[in-house]
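If you want the building blocks of each chain, they are given just below.
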Amino acid sequence: MKNAVSGLGLAPDAAMVTFPIDMFLPGSDISTLELRKREFYNGLTKWQSEFEQGTGEAKMLRVEGASYEDALFKANNLLLTSLYGDGLPVWPATRERVEWILQGSALPRTHVLGKFPPRGGVTTIETCAIALAMAGGRPEYLPVLVAAVEASLDPHSNFDQLQATSGAPFPVVIVNGPIAKQIRLNSGFGCLGPDPQQPAGASIGRALRMLQQNVGGAVPGVGTMAIWGAMRYTNVVFAEDEDGLPEGWAPHGTERHGFDRGTNSVSLVFGTGVTNVRRRSARKETPEEDILQGLWRMADYMRTPNLGALMGYEQGTPGIMIVPRVVAQMMAEQGWTKPKLREFLWENSKIPLEHLKRGGALSWFEIDSNPITRESVKQDPWPICLKPDNIVFVVAGGSHPTHAYWLQGTGPRVLGRVIRTPETFDRLLAQADRDLGCGSEECRI
Amino acid sequence: MVTLEFHDPSGTLEVTQPFAPRLDTLEGKRIGIVTNDQWQAYRMMPKLKELLEQDFKNVEVLPVDAYPQGNLLIGTEETAKAVKASGVDAVIVGNAS
């Protein structure tokens, strides 16, 4: 077992006694504890760290092959066997490729963003560029990745626990501002999945995952106890469909973080699950019935004891509700605004206390460190977050009316950061047009 | 032959503080237990206390509730201060999974 303490400036090993998981289950046989008591005693008296003090040097890796294809194959094998890969092919982060990516930074390559927990790897702009290079990224993506990393490493993010926990949280990065279109970040059809015409989200999210694993030590079963690890190849990186916002609806970055409209920004939420909500009516419902029934179905999905969201009860979010622009437009025509929608969903997703009791959820409230969360359970029905504004409500997805999407949240905060671009950003965008063809909406299929 | 040289992506580690020196013996020492109260800690930690007290003369193991408990509390400055104030020679922290 490693990684649990190095983020604190200690060496990456520690005096630990490890047992199979059986020992930690209710009703377990703990007699092994006595059989192995000497390991505890030795840990307190004889154990010594095997790690030398000081700062380790960043290394270069090297392979040789009979051809470029052979060398590339060997490089991928080396990265995978070194636990630096994700199973999909990667671009080896050569000096040339990293230099190219670094053109996208507004900050010096040596600028330290923080230490990626739980392993505590020092994370610089160059570290981000290396990850983005491996993930198949481009220089114009780097500003978004850096902002997402800054938000992740915020002391209030609780990232050390979220990285390591069994619940398998994954970062969800919502981008606002003109940069989304400029770098081909999807806000429309398929915005949470692969899109060859708007590929930025996949590379940025994959690079963030690479950092989590390679620098932060979140190797499955070692540095992260994520039981399933869903959504973790690329995390979730998408843009709000700002052109699809009805008149009077503010962008998410403005509502949640107070950024001026038009500011390039990221908003970081940690998700624990994804649920499609079929919200459209099927037959002869009126427009009013269509919207209201759809909202009830959304609230029904939200009315679940997502105990992972307790840590964000006061200042975080129970999740992100995403609706496509055509639905947002219908809602607005009927007088709905984002605040009104959140109010409806908050009010109607409250859980009867009896349902929490029968599921044994109350013990999770009892051990919560936040007194506001502990006290909240005195309400019946229990609201899934402190106030309606905790709920993240964004407009994104293809212009199609049938579904809404609910990403269950976790984590104590929703963290916003302004995206900083280099002065040469326009040149990078022009290069992208030369490499990938015209990226504007008019040019897309 | 083609050579491909590329960055190790794991970044660097910065070790800024050493682990506490180990004790010469547990006899006569004062031991604290910092627990998140998870993963059967409510049984395992008292058992450890019992074993230590059986095996070492004059060892004093503080009760498991001597410090704040819970995942979000055991890493706080408040807990660190409580540990320091209690004058223990060593602590056992658990349980992680």
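Quick note: structure is the one above.
Residues numbered from 1 in each chain as written. Chains lettered and ligands numbered in written order. Predicted model: local features only at pLDDT ≥ 70, side-chain atom pairs only at ≥ 80, totals over all residues. Heavy atoms only, no water.

(A) Spatial organisation of the overall build of chain B. Per the secondary structure count, chain B includes two helices and five strands. Reading chain B from its N end, one meets helices and strands in the order β-β-β-α-β-α-β. In terms of overall dimensions, chain B is more spread out than a globule: its C-alpha atoms have a radius of gyration of 19 Å, far above the 13 Å expected for 97 residues. Reported as C-alpha extents along the three principal axes, the dimensions of chain B are approximately 70 × 30 × 25 Å. Once local pairs closer than 6 in sequence are excluded, the contacts in chain B between residues at least 24 apart make up 74%. With an accessible surface of roughly 5000 Å², chain B has 50% of that area assigned to carbon and sulfur atoms. (Helix = DSSP H or I, 4+ residues; strand = E, 2+ residues; numbered from the N terminus. Rg over C-alpha atoms; globule rule 2.2 N^0.38 Å. Contact = heavy atoms within 4.5 Å. Areas by Shrake-Rupley, 256 points an atom, 1.4 Å probe, with all protein chains shown as cover.)

(B) Here's a closer look at the side chain of Arg 138 of chain A. Residues and elements named next belong to chain A. Mapped onto the elements, Arg 138 comes out in the loop between α5 (125-134) and α6 (142-152). Within polar-contact distance, the side chain of Arg 138 engages the side chain of Asp 435 at 3.0 Å. When neighbours within four sequence positions are excluded, Arg 138 is seen to be in contact with Trp 100, Ile 101, Leu 132, Gln 431, Ala 432, Asp 435 and Leu 436. (Polar contact = N/O pair within 3.5 Å; in protein donor to acceptor, adjacent residues only side chain to side chain.)

(C) Region of interest: the pairing of strand β10 (residues 403-418) of chain A. All names here are of chain A. As paired strands, strand β7 (residues 265-278) and β10 are joined by 12 bridges and run antiparallel to one another. Residue pairing in the sheet places Leu 268 in a bridge with Leu 415 of β10. As paired elements, strand β8 (residues 319-323) and β10 share four bridges and run antiparallel to each other. Its bridge partner lying in β10, Ile 320 is registered against Leu 407. (Pairing = 2+ DSSP bridges.)

(D) Structural context of the interface of chain B and chain A. Each partner contributes residues to the interface: chain B has 43 residues there, and chain A has 76 residues. With both sides pooled, the region where chain B packs onto chain A buries about 5500 Å², and carbon together with sulfur makes up 64% of that total. The largest contributions to the chain B side of the interface with chain A come from Phe 6, His 7 and Leu 13 of chain B, which together make up 15% of the buried area. The interface formed by chain B and chain A includes six salt bridges. A salt bridge links Glu 34 of chain A to Lys 47 of chain B; the nearest nitrogen and oxygen atoms lie 3.9 Å apart. Along the contact surface separating chain B from chain A lie 20 residue pairs in polar contact (both at pLDDT 80 or more). Only β1 (2-7), β2 (14-15), α1 (41-55) and β5 (90-94) of chain B provide two or more residues apiece to the side of chain B that touches chain A. (Buried area = accessible area lost by both parts, 1.4 Å probe. Salt bridge = Lys/Arg side-chain N within 4 Å of Asp/Glu carboxyl O.)

(E) Geometry of the state of the cysteines. All names here are of chain A. Enumeration over the complete set of coordinates arrives at one disulfide over all chains. Covalent S-S linkage joins Cys 438 and Cys 443, the inter-sulfur distance amounting to 1.9 Å. What sets the handedness of the Cys 438 and Cys 443 disulfide is the S-S torsion sign, and at about 75° it is right-handed. Among the residues examined, Cys 438 registers a relative accessible area of 41% and is labelled partly exposed. (Disulfide = S-S within 2.5 Å. Buried < 20%, exposed > 50% of the residue type's maximum accessible area, 1.4 Å probe, protein only.)

(F) Quick look at the pattern of salt bridges. Residues and elements named next belong to chain A. If you walk through the whole model with that rule in mind, you get 32 salt bridges over all chains. With its nearest N and O atoms 2.2 Å apart, the salt bridge here joins Arg 420 to Glu 150. You can see Arg 420 sitting in the loop between β10 and α17 (425-436) and its partner Glu 150 sitting in helix α6, a full 270 residues away along the chain. The class of Glu 150 is buried, set by a relative accessible area of 16%. The partner of Asp 290 in a salt bridge is Arg 279, with the nearest N and O atoms 3.0 Å apart. Of this pair, Asp 290 sits in helix α11 (residues 287-302) while Arg 279 sits in the loop between β7 and α11; the two residues are 11 residues apart in sequence, bridging distant segments of the chain. With respect to burial, Asp 290 and Arg 279 carry one shared label: buried. One network of salt bridges, with partners in common, ties together Glu 240, Glu 255, Lys 338, Arg 342 and Asp 389.

(G) Broad picture of the sheet that holds β5 of chain B. Residue and element names in this part refer to chain B. Strands sit in the order β4-β3-β5 across an open sheet of three strands; the sheet is parallel. On the outer flanks of this sheet lie β4 (60-61) and β5, each paired with one strand and no other. Here strand β3 (residues 30-35) pairs with β4 via two bridges, running parallel. Bridge pairing links Arg 30 to Glu 60 in β4.

(H) View of the environment of Thr 272 of chain A. All names here are of chain A. With respect to the helices and strands, the residue Thr 272 is situated in strand β7. Note: C-alpha distance between Thr 272 and Val 237 (35 residues apart in sequence) is 15 Å. Every residue in contact with Thr 272, bar those within four places of it in the chain, is listed here: Gly 167, Pro 169, Phe 170, Asn 306, Gln 408, Gly 409 and Thr 410.

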